[in-house]
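Breakdown of the fold
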Amino acid sequence: MREPDISTRRQFLGLAGGVAALGAVPMVTLRPAEATPAMLATAIRSVVGTAMVRTGKVKLDIPPLVENGNTVPMTVSVLSPMTAEDYVKSIHVFNEKNPQPNIGNFYLGPRAGRGQISTRIRLADSQKIVAIAQLSDGSFWSASVDVVVTLAACTDEVI
Amino acid sequence: MASALINVPAKAKRGDIIEIKTLMSHIMETGYRRTATGELIPRDIITSFTCRYNGVEIFRADLFPAIAANPFITFFTVAAESGKFDFDWIGDNGFTESASASIAVE
Amino acid sequence: MRSFPAIAGAALLVTAAIVVPLLATEIPQGQRRSGYSFMTPDTQAMQNDDTANPGMLWVLDGEALWNNNTGALNKACADCHHDASASMRGVAAHYPAFDPTLERPVTLEQRINLCRVRHQQAPPLAYESRDLLALTAFVARQSRGLAIEAGADPQLAPFVAKGHELFMHRQGQLNFGCTNCHDDNWDKHLAGSAITQAQPTGYPLYRLEWQSLGSLERRLRACMTGIRAQPYDYGAPELVELELYLMTRARGLPVETPAVRP
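Our subject in this report is the structure included herewith. Source: prediction; values computed, not measured. Chains are numbered independently. Their residues run from 1 in the order of the written sequence. Chain letters start at A and ligand numbers start at 1, both assigned in the order the entries are written. It should be noted that, the model being predicted, local features are given only for residues of pLDDT at least 70 and side-chain atom pairs only at 80 or more, the latter also being counted only at that level, while totals for whole chains, interfaces and linings use all residues.

What to know about the nonpolar core
Of all hydrophobic cores here, the largest spans 117 residues; its most connected members are A:Ile91, A:Ala112 and A:Ala131. Placing C-beta atoms from the backbone, we regard two residues as in contact once those atoms come within 7 Å. If we ignore the near neighbours within four places in the chain, the residues touching A:Ile91 are A:Val76, A:Val78, A:Phe106, A:Ile117, A:Ala131 and A:Ala133. For the purposes of this analysis, a nonpolar core is taken to be any set of buried Ala, Val, Leu, Ile, Met, Phe, Trp, Tyr and Cys residues that are connected through C-beta atoms within 7 Å. The burial criterion counts other C-beta atoms lying within 10 Å of a residue's C-beta, which is placed from the backbone; the residue is buried at 20 or more, exposed at 12 or fewer, and partly exposed between these limits.

Here is the structure:
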């Protein structure tokens, strides 16, 4: 998906005009091509294959309204006895609108004790996050959350 | 100066489920940012994190640019025996860092 | 979506029409609130846990630098100041402080550089460099929990007055004074973000927007850019006077360094 040239150039010129007025050089984050729902589906398929993904067992804890999209705390927990016979093998987290569909893959095992991980992620825009867990019996379970991301009120300048 | 902050309980009872928290200093440059003159800032991220407990891998993570700067990762394990946790971070441009923490399990 | 500078600019212009007519008054002691109280619980949790607070990475670096020999005299901070948790306790709570040689106030960053030049014969560290941020964060961390008591020295009075005047005067294309938002409209919102009282209780702090630790001067310069004013240079007397006034205005609130802010 190609970013239309006109909007990219207009953004850049707008900023260049602002730069001349301020006499400073800001860091620009021009919006790159977004991930599409098709990319998200492909990324999920590369993990899951043709197996069925059921909803349930997975809890995705992420603030519904995010204070800053640069650092969003996220916890994924999977309901599982975590015994040698029945445990969480891995947790895969995906997103819908960042430039790339993958966020992280986390590999657990019977020694984990609890099927839970936490980390901090980046979200470029308000979007859906999907977490998929693979259990020791090969089954896949998922949960998804819609997150609203607001931008900082004032633009910042490079140091 | 890269540095890591590790939080592992100093001691635990055999069979306790303990939480391990790790924080590593790293810019996690996404590869999608550009300078004002339009040049792409190349990607520079940590791509993999591993934890070994007395030599056995108990946790591993693949990280992508969507992981925030100064990656914070927490996970759990069962306190099985006294010994050492070894943590390894590997990333772009030959980035490699290690840390370790001991635990006494009674 | 269009570039967010355009949206932010538009949002500020719209809000300017609503914010402007109110009177500027200082916040009474009992109502002073740290920026911490305006954050969501998730962001507060990031600050609460020292092993999860990214600002602590810089504090650790600072501790290493504190014990590092440097300069032509090959001395470490520790050689004169020994254990920072004792010698530096309370220091940041009293900064900016009056320097008798320069006969004006200096910030903690400037004090560290003056020490380097005068007592270690080492070159000053660049503003916002990782080393200076690390050392400042480490020193300020030793005051965590103590009440801010800056500006009490009578020699500072004319500089506090200058800082107050800088806080009040309107500037920039949006014609805002700091007071218009931070005295008159705190607890309201600007384009989705909470307007705080601008109490600098946790500097240097880890700002999620920067994904890095940064100084109060960096934040003040960003604010000035936000109202479309030409920001003062790092270390400019105006920024020092403004910081001195802000710390005086924050008296009574505890130091939180290294804080986390959105």
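Comments concerning the interface of chain A and chain B
Residue-level contacts link 35 residues of chain A with 26 residues of chain B. Per the convention used, a helix needs a DSSP run of H or I reaching at least four residues, while a strand needs a run of E reaching at least two, with both numbered from the N terminus. Taken together, the elements giving at least two residues each to the side of chain A that touches chain B come down to helix H1 (5-22), strand S6 (102-107) and strand S7 (116-121) of chain A. A class-by-class count of the residues in the side of chain A that touches chain B yields 17 nonpolar, 14 polar and four charged. Any two strands with at least two DSSP-identified bridges between them are counted as paired. Two elements, S6(A) and strand S5 (residues 56-63) of chain B, share four bridges in a ladder whose sense is antiparallel. Within the sheet, the bridge partner assigned to A:Tyr107 lies in S5(B) and is B:Arg60. Here the term charged refers only to Asp, Glu, Lys and Arg, the term nonpolar to Ala, Val, Leu, Ile, Met, Phe, Trp, Tyr, Cys and Pro, and the term polar to all other amino acids, Gly among them.

A few points about helix H7 (residues 130-141) of chain C
Taking 1.5 Å per residue as the helical rise, H7(C) with its 12 residues ought to reach 16 Å, and the 16 Å between its terminal C-alpha atoms agrees with that figure. Taking burial as the measure, the 12 residues of H7(C) include 10 buried ones, the bulk of the element. Take the residue count of a helix, subtract one, and multiply by 1.5 Å to get its expected span.

Points about the packing of helix H8 (residues 157-168) of chain C against helix H11 (residues 237-249) of chain C
All names here are of chain C. Axes here refer to lines fitted to C-alpha atoms; in helices the fit is confined to the stretch in contact. Angles between the N-to-C directions go from 0 to 180 degrees. At a minimum axis separation of 7 Å, H8 and H11 run at an interaxial angle of 95°. As the angle between them shows, H8 and H11 are arranged roughly perpendicular. Contact residues: Phe159, Val160, Lys162, Gly163, His164, Leu166 and Phe167 in H8; Glu238, Glu241, Leu242, Leu244, Tyr245 and Thr248 in H11. We call two directions roughly parallel when the angle between them is under 35 degrees, roughly antiparallel when it is over 145, roughly perpendicular when it lies between 65 and 115, and oblique otherwise.

A word on the sheet that holds strand S7 (residues 260-261) of chain C
Residues and elements named next belong to chain C. Strand order in this open sheet of three strands is S6-S5-S7, and the pairing throughout is mixed. On the outer flanks of this sheet lie strand S6 (212-214) and S7, each paired with one strand and no other. Inspection of the sheet shows strand S5 (residues 205-207) paired to S7 by two bridges, in the parallel sense. Paired with Arg207 across the two strands is Arg261, which belongs to S7.

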